[in-house]
Amino acid sequence: MPRSKRAAFTVIELLVVISIIGMLMALILPAVQMAREAGRRTHCLNNLRQQGLAMLSHHSAYQRFPSGGWGWAWVGDPDRGTGVQQPGGWLYSILPYLERKDLAGMGRFADPLAKKAALTKLTQTPVSVFVCPTRRGLELSLYNLAYLPHNVDAVGMVAKSDYAVNAGDFDGGGGAGPPTLADGDSPSWPWNDFSQANGICYLRSSVGLAHIRDGSGLTYLAGEKSVSDSGTDPGDDQSMYIGYDWDTYRWAMGVHGPLPDSGAINPASFGSSHPGGCQFVFCDGSARLISFDIEPRIHRLLANRQDRELFDERDLE
């Protein structure tokens, strides 16, 4: 009688197969992770393009970009336009151009208590176009209750943004802003001096394309912001609907370029969670990745709308 064929694996053969599968997974997994990050980075870049188009649509309507708001204690008010009387920031003012008129109109024409309740609800409403998928999901994050707002109730969790507008290379100082709307409207209120500001959006700004003397394609409009992964970053501790503050405004002071996320706290800087660089949209609507290794001087020149200094565009590659 012929001998029957063996129908089982030995332990050694099984271990060899497992080892081969493990090596294949080790080879494939980094490629899968890179592909996923490439998709997230593309999503993030598209977010910036949408923000840029919204800002340019606002400019088409008013011949200027949105004003920068009053300070961290103020959330946007639906009855005060988008100019210097608007206490909220740029992000709040472009909501109608992102097909979110529903959010921009929350509390409109309401009595003070109803408006405050509506705007409090607004602070807890995230919007996907302001969230980088590499850093976080569409979720609420902790609010720093050490800073009490004026026109909304303080709540423990709020919606935040991973993006900031370009405030240039000069900061005249921030703060809470005036205690009341009447104070903010008064000609005698002592606003900080921003006469040297050279960004696109800052405290009570009124900047248009005509003020960009370095070329709209060579001037930052908005970009990703640096966020510490320590969990205690003062540039990421409040609602994204507030006025002039680290949470939604960033600068390029010339000390360094954009920064990768780390345990360090750099609340005034641009940066990202992406490997290799930080993404920006420019004032002509174009968007691209800027390397973390960019020369700090070039980074500063891209933030200053009127320095008129020359540089080689190949330095951006």
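The preceding data block contains the structure.
The following refers to the structure shown. Position labels on residues start from 1 in each chain and follow its written sequence. In view of the model being predicted, local features appear only for residues whose pLDDT reaches at least 70, and side-chain atom pairs are presented and counted only at 80 or more, with totals across whole chains, interfaces and linings using the full set of residues. Excluding hydrogens and water, the side-chain figures rest on all heavy atoms present in the structure.

Each pair of aromatic rings taken from Phe, Tyr and Trp, with Trp reduced to its six-membered ring, is defined by centres within 6.5 Å and is described as stacked if the planes are under 30 degrees apart, edge-to-face if over 60, and tilted in the remaining cases. The full count for this structure, using the stated rule, is 14 aromatic pairs. Taking the centre distance of 5.6 Å and the plane angle of 80 degrees together, the rings of W70 and W74 count as edge-to-face. Across the pair, W74 and W70 agree in class, each one buried. With 5.3 Å between their ring centres and 90 degrees between their planes, F194 and Y244 make a pair best called edge-to-face. Placement of the pair is F194 in the loop between α5 (181–185) and β4 (220–224) and Y244 in the loop between β4 and β5 (249–250), with a sequence separation of 50 residues. Note on accessibility: F194 and Y244 belong to one class, buried. Grouping aromatic residues by their ring pairs yields a cluster made of F170, F194, Y202, Y244, Y249 and W251. Burial here depends on accessible area, computed with a 1.4 Å probe over protein chains only, as a share of the maximum for the residue type. Under 20% is buried, over 50% is exposed, and the range in between is partly exposed. Elements are defined by DSSP. Helices are runs of H or I of four residues or more, strands are runs of E of two residues or more, and each kind is numbered from the N terminus.

Attention now goes to the pairing of strand β3 (residues 163–166). Paired strands, as defined in this entry, are two strands with at least two bridges between them according to DSSP. In terms of strand pairing, β3 meets β4 through three bridges, oriented antiparallel. Residue pairing in the sheet places Y163 in a bridge with E224 of β4.

For the rest of this paragraph, the subject is the environment of E224. The residue E224 is located in strand β4 in this model. In this structure, the C-alpha to C-alpha distance between E224 and G271, residues 47 residues apart in sequence, is 5.6 Å. Whether two residues are in contact is decided by their heavy atoms: any pair within 4.5 Å suffices. Excluding its chain neighbours within four sequence positions, the residues that come into contact with E224 are C44, L48, C132, D162, Y163, F270, G271, S272, H274, C278 and Q279. At 3.0 Å, the side chain of E224 and the side chain of H274 are in polar contact. We define a polar contact as two N or O atoms separated by no more than 3.5 Å, with the added condition that, inside protein, one atom must be a possible hydrogen donor and the other a possible acceptor, whereas residues neighbouring each other in sequence contribute only through side-chain atom pairs.

Here we come to the sheet that holds strand β9 (residues 287–291). Across the sheet, which stays open at both edges, the five strands sit in the order β5-β3-β4-β8-β9 with mixed pairing between neighbours. Taken across any chain shown, the strands that pair with only one partner, and hence form the sheet edges, are β5 and β9. Fitted lines through C-alpha atoms give the axes, limited to the stretch in contact for helices. The angle between two N-to-C directions lies from 0 to 180 degrees. Seen against the sheet, helix α6 (residues 296–303) touches β3, β4 and β8 (277–282) and runs at an angle of roughly 120 degrees to β4.

This paragraph deals with a nonpolar patch on the surface. Patches were defined on residues exceeding 30% relative accessible area and lacking a salt bridge, with like-charge contacts within 9 Å and nonpolar side-chain contacts (Val, Leu, Ile, Met, Phe, Trp, Tyr) within 5 Å. We get accessible surface area from the Shrake-Rupley algorithm with a probe of 1.4 Å; when it comes to residues, only the shown protein chains can shield them. Salt bridges are identified by distance alone: a Lys or Arg side-chain nitrogen within 4 Å of an Asp or Glu carboxyl oxygen. Residues I12, V16, I20, M23, L24, L27 and I28 make up a contiguous nonpolar surface patch of roughly 720 Å² in combined accessible area. With respect to the helices and strands, L24 occurs in helix α1 (residues 11–62). In this structure L24 comes out as partly exposed when scored by relative accessible area, which is 46%.

Moving on, we get to the state of the cysteines. Disulfide: a pair of cysteine sulfur atoms within 2.5 Å of each other. Within this structure, the stated rule accounts for zero disulfides. We note that C278 lacks a disulfide partner, and the nearest cysteine sulfur, in C44, lies 8.0 Å from it. For C278, a relative accessible area of 0% puts it in the buried group. C201 supplies the cysteine sulfur nearest to C283, a cysteine that is in no disulfide, at a spacing of 11 Å.

This paragraph deals with the environment of L145. Along the chain, the position of L145 falls in the loop between β1 (141–142) and β2 (157–158). Separated by 21 residues in sequence, L145 and N166 place their C-alpha atoms 27 Å apart. The contacts of L145, once residues within four sequence positions are left out, are A154 and V155.

Further remarks concern the side chain of D162. Along the chain, the position of D162 falls in the loop between β2 and β3. Judged by its relative accessible area of 0%, D162 falls in the buried class. There is a polar contact of 2.8 Å between the side chain of D162 and the backbone nitrogen of C132. If sequence neighbours within four positions are ignored, D162 has contacts with F130, V131, C132, R135, R136, G223, E224 and K225.

Our next topic: the pattern of salt bridges. For the structure on display, the rule yields 15 salt bridges. Across the pair D236 and K225 runs a salt bridge, and its minimum N-O distance is 3.0 Å. With D236 in the loop between β4 and β5 and K225 in the loop between β4 and β5, this pair connects stretches of sequence that are 11 residues apart. The class for D236 is buried, based on a relative accessible area of 10%. Through salt bridges that share partners, R135, R136, D162, K225, D236 and D261 make up one connected network.

Attention now moves to the side chain of N151. If you trace the backbone, N151 turns up in the loop between β1 and β2. A distance of 2.8 Å separates a polar side-chain atom of N151 from the backbone oxygen of V75. With near-sequence residues (within four places) excluded, N151 lies in contact with A73, W74, V75, G76, K116 and L119.

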